[in-house]
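Observations on the model geometry
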Amino acid sequence: MSNLKSNVPNSTVTRDVRMLDKDTENIYESVVVISKRANQIASSLKEELGSKLSEFATSSDNLEEVFENREQIEISKYYERLPKPTLIATQEFLEDKVYFRNPTKE
């Protein structure tokens, strides 16, 4: 997934609203599509992070070992530095990389 995020800005960007509704002709529908895609991305990232961190799970209750695990900390920091799911979803939407349909219009 990280290859999709290379061209995504890491902070909030001012967007031209007319660009957001060019495909749907309705800004609210565009926002719904972007939010649903953002939820998919967030869920995927959470699952990916959880699986990577589960490799470091220990059966012992020694808290010092958990806090000293540098690899785990680096993985967590990497995911913290990634662009937010809403920014990724918006960029994908603007680049026509999101498939969506509205059954009520069909």
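See the structure shown above.
Computed from a prediction, not measured in an experiment: that's the story for all the values here. (Residues numbered from 1 in each chain as written. Predicted model: local features only at pLDDT ≥ 70, side-chain atom pairs only at ≥ 80, totals over all residues. Heavy atoms only, no water.)

A few words on the pattern of salt bridges. Counted under the stated rule, the structure contains 5 salt bridges. With a shortest N-O distance of 3.9 Å, Lys22 and Asp23 are connected by a salt bridge. Taking the relative accessible area as the measure of exposure, Lys22 reaches 38% and is therefore partly exposed. In this structure, Arg37 and Glu92 form a salt bridge, with 2.6 Å as the shortest nitrogen-oxygen distance. (Salt bridge = Lys/Arg side-chain N within 4 Å of Asp/Glu carboxyl O. Buried < 20%, exposed > 50% of the residue type's maximum accessible area, 1.4 Å probe, protein only.)

Right, let's talk about the side chain of Gln91 for a bit. Mapped onto the elements of the fold, Gln91 is located in helix α5 (residues 85-94). Only 2.7 Å separates the side chain of Gln91 from the side chain of Glu95, close enough to count as a polar contact. If near-sequence neighbours (up to four positions away) are discounted, Gln91 is found in contact with Asn7, Val8, Pro9 and Arg15. (Helix = DSSP H or I, 4+ residues; strand = E, 2+ residues; numbered from the N terminus. Polar contact = N/O pair within 3.5 Å; in protein donor to acceptor, adjacent residues only side chain to side chain. Contact = heavy atoms within 4.5 Å.)

Moving on, we get to the nonpolar core. Residues Ile34, Ile41, Leu45, Ala89 and Phe93 are the most contacted members of the largest nonpolar core, which totals 14 residues. Of all the secondary structure elements, the ones that give two or more residues to this core are α2 (27-54) and α5. At 5 residues, the largest contribution of residues to this core is made by α2. For Ile34, the contacting residues outside a window of four places in its chain are Leu20, Thr86, Ala89, Thr90 and Phe93. (Core = buried A, V, L, I, M, F, W, Y, C linked by side-chain atoms within 4.5 Å.)

To continue, consider the side chain of Ser30. Looking at where Ser30 falls in the secondary structure, it is placed in helix α2. Those residues in contact with Ser30 that lie beyond four places of it in its chain are Leu20, Asp21, Thr24 and Phe93.

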